[in-house]
Amino acid sequence: MKKLLVFVGLLSIAFPALAANPIPVDDSYTVSQRWDGYKGKYPGIALPEVAFEAGQQVQFDRLYKKADDRELHIDVFLPVKGNGQGILLVHGGGWRSGNKSHFYSLANRLAQRGYTVFLPEFRLSAEAKYPAGLVDVNDAIVWVKSQGYGIDRLAIGGASSGGQMAALLAYTAGQDLFKGQPGDTSVNALIDLDGVLDFTTPMALQYENKPNSVASQWLGGSFEQAPDTWRQASAATHVSAKSPPTLIISSGLMRFTAGREDVAAKLAGFGIRHHYLEFSEAPHDVWLFDPWFGQIVDRMDVFLQSAAEVRYEVSDRCAARPNCFGAIQAAVDAAGRDTGGRWAVIDIAAGDYYEKVTVTRSRVRLRGQGVGKTRLYFDAVAQTAGKYHRNNWGTPGSATLTIDADQVDIEGMTIENSFDYLANDALPDGDAAKIGNSQGVTLLLDIHSDRVRVAKSALVGNQDTLFANGGRVWIRDSSVSGNIDFIFGNGRVLIEASDIITRRRAAALKPGDYHSFIAAPSTQLTQAMGIVIYRSRLMREPGVPDASVALGRPWHPTTTFADGRYADPNAVGQASFLDCWMDAHIHPDHWTVMNGTARDGTKTAVFRPQDSRFFEMGSQGPGARHNDIGIVWQGGLGIDAVRKAFFEGWPQP
């Protein structure tokens, strides 16, 4: 009988009633037993907090199989909003103990990340020897796939002995081993939490090949008595080109992942993605307790997202290869037609791609072959680019690459706005050929963007290179170059370990004039963080004078209100430079003013850095020393606080 429970608050987990015909049960392995043994040994250890979302559902003890007179059941943790990915978790307990309730905390947390989680019971060694439990779990996979549940892909994971079983089933899915009910038992990913991968390694034999060991009891004898069974039960034996992407998580007790190196080498040989996470000074059962539990959930989430990838190529040599396109936008459009919620990875061959690209699909990775090898460029300029924007606004319309989606990664690319800014800048004011609106955006983070990552890339422009007009963008190990306000907007920007390069101008400047400005934040007062640049180098091209470049100035964008159209008084920009290296081109005042639209429509409103939210800490170099211009705002955050706020809801691998 299916039992349905809607979580609206905290739940005391209840166990199903005992069957009429008792089965052999070894209850020596329980969470409370482990907790009692660990709590005095590991400082900071804690049971994970259990909290439930309104509308979250769990189905307990759904019947998935009858083996003779034995009924086997499965629990299903349903997300409020699913992401299409399911995962079946196989509990541990030395193949003879434990039960599916051990995974309740993990299943609940994964369900809150959008995963549909299945927890099967299966016959343990006291009831039925190898391979009965494996057949049971394979039958559970077949049952899950027959039920729908709104998933279009299924992963398998397990802990300890359950990790061993999960790995063995994942790597034998294309074989007839362990098959019971007819049906598809393949999985799209494997997560092994401290499960042995090869019983025949010296380390595994040292611990498992003993009289009456749990492995010997399950496998029907010692290694000497049943060597073929021990080899067959070793997942490492079965790694093939069809094996799924694999994540192995180790407590740091190496005996429990014996065979890992061999499995990793074989997967690498087949070009199959594999990842490894190792803890130290942790108990074997790291998945049951904090502080390790939360890290495991984050790593599983990131891994499962990557394992669900659908891949595309961009190349001028596609021939008849499927999912291969000659233009980046064509590949992006094809990815947009995939609505399964999977990550779409677009691998872009080396070359120059002259096109404007817009990404509106969430979970897209654009991967080039490296800076200077894969180049996306376009030469739009604000003066004539209004036609590309929904509100006929030329500045965002000029963008070479527009991101208007959540979770987009860019790696290994040069992205450039190639408008000839210098030629225009060289024209004297009043020349009929000179363009007044010479902004040329390279990367636009538009209003629906969030959790955008740029790594090992170069953003090249002049005026308005990076326009943060949405949520969060994280730029790391990259470069951003430009001259006038080339990092600007109201979004949250974190730039780390990168080069911020001021480019030269061609205009004749008066003595004392600023050559250019790095940041121009328009952060809303309700938002604590704006543009943060951390441990980066502030550099310059040849021709940029000493003491001529401001770190930033406050941009109050012209906005329409009920009483008129004027500079937004609530756009009180926030910018921080933390632990940076600054060359001598930085002006000794560091910050300066910016004009905005007054209520009479003229550009006469002056906004001062002293009234803004500008902050510096720990920088060095010839440009780091600065005058006291009266900045008194003290609300700047250190990097730890910045990261904590910035990465909330955005787990990192």
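Treat the numbers as computed from the prediction; the structure is a model and nothing was measured.

Caption draft 1: Looking closely at the pattern of salt bridges. With the rule as written, the count across this model stands at 44 salt bridges. D262 is the salt-bridge partner of K266, the closest N and O atoms lying 3.5 Å from each other. Taken together, the residues K266 and D262, both in helix 8 (residues 260–269) and four residues apart, mark about one turn of the helix. Look at the salt bridges and you will find they share partners, linking K65, R123, D136 and D139 into a network.

Caption draft 2: Representation of the sheet that holds strand 25 (residues 479–482) in the model. With parallel pairing, the eight strands of this open sheet are ordered in space as 13-16-19-22-25-28-31-36. Two strands bound the open sheet, and with one partner strand each, they are strand 13 (351–354) and strand 36 (581–582). One ladder, built from four bridges, connects strand 28 (residues 499–502) with strand 31 (residues 537–540); its direction is parallel. What sits directly across from D499, in strand 31, is R537.

Caption draft 3: Spotlight on the environment of S243. The residue S243 is located in the loop between helix 7 (227–232) and strand 8 (246–250) in this model. In this structure, the C-alpha to C-alpha distance between S243 and L288, residues 45 residues apart in sequence, is 28 Å. Apart from residues no more than four positions distant in its own chain, S243 is found in contact with Y171, H238, L267 and I272. Looking at S243, its side chain comes within polar contact range of the main-chain nitrogen of S240, at 2.9 Å.

Caption draft 4: Geometry of the confidence of the model for the protein. Confidence in the prediction for the protein averages 92 pLDDT; 96% of positions are at 70 or higher. pLDDT under 50 marks residues 1–20. Its contacts with residues more than four places away, or in other chains, come to 36 contacts.

Caption draft 5: The side chain of Q85, seen in detail. With respect to the helices, strands and loops of the structure, Q85 is situated in strand 4 (residues 85–90). Polar side-chain contacts of Q85 include one of 3.1 Å to the side chain of R153. Reaching out from Q85, the side chain makes a polar contact with the side chain of N188 at a distance of 3.1 Å.

Caption draft 6: Broad picture of the sheet that holds strand 26 (residues 484–489). Read across the open sheet, the seven strands follow the order 14-17-20-23-26-29-32; overall the sheet is parallel. Two strands bound the open sheet, and with one partner strand each, they are strand 14 (357–359) and strand 32 (549–552). Ignoring strand direction, the axes of neighbouring strands in this sheet form an average angle of 10°. Note: strand 20 (residues 443–445) against strand 23 (residues 466–468), three bridges, orientation parallel.

Caption draft 7: Quick look at the layout of surface pockets. Put simply, the second largest pocket is a space of about 960 Å³. In terms of lining, the second largest pocket is formed by 32 residues, of which the most central are W393, W555, P557, T558 and K603. Put simply, the parts of the chain that give the lining of the second largest pocket at least two residues each are strand 26, strand 33 (558–561) and strand 37 (594–596). For the lining of the second largest pocket, the residue count by class is nine nonpolar, 16 polar and seven charged.

Thresholds, definitions, all that
Residues numbered from 1 in each chain as written. Predicted model: local features only at pLDDT ≥ 70, side-chain atom pairs only at ≥ 80, totals over all residues. Heavy atoms only, no water. Salt bridge = Lys/Arg side-chain N within 4 Å of Asp/Glu carboxyl O. Helix = DSSP H or I, 4+ residues; strand = E, 2+ residues; numbered from the N terminus. Pairing = 2+ DSSP bridges. Contact = heavy atoms within 4.5 Å. Polar contact = N/O pair within 3.5 Å; in protein donor to acceptor, adjacent residues only side chain to side chain. pLDDT = per-residue confidence, 0-100. Axes fitted to C-alpha atoms, helices over the stretch in contact; angles between N-to-C directions. 1 Å grid on protein atoms, 1.4 Å probe; cavity = no way out; pocket = protein on both sides within 12 Å on 5 of 7 lines; lining within 4 Å. Points joined across faces, edges and corners; volume = space filled by probe spheres on them. Nonpolar A, V, L, I, M, F, W, Y, C, P; charged D, E, K, R; others polar.

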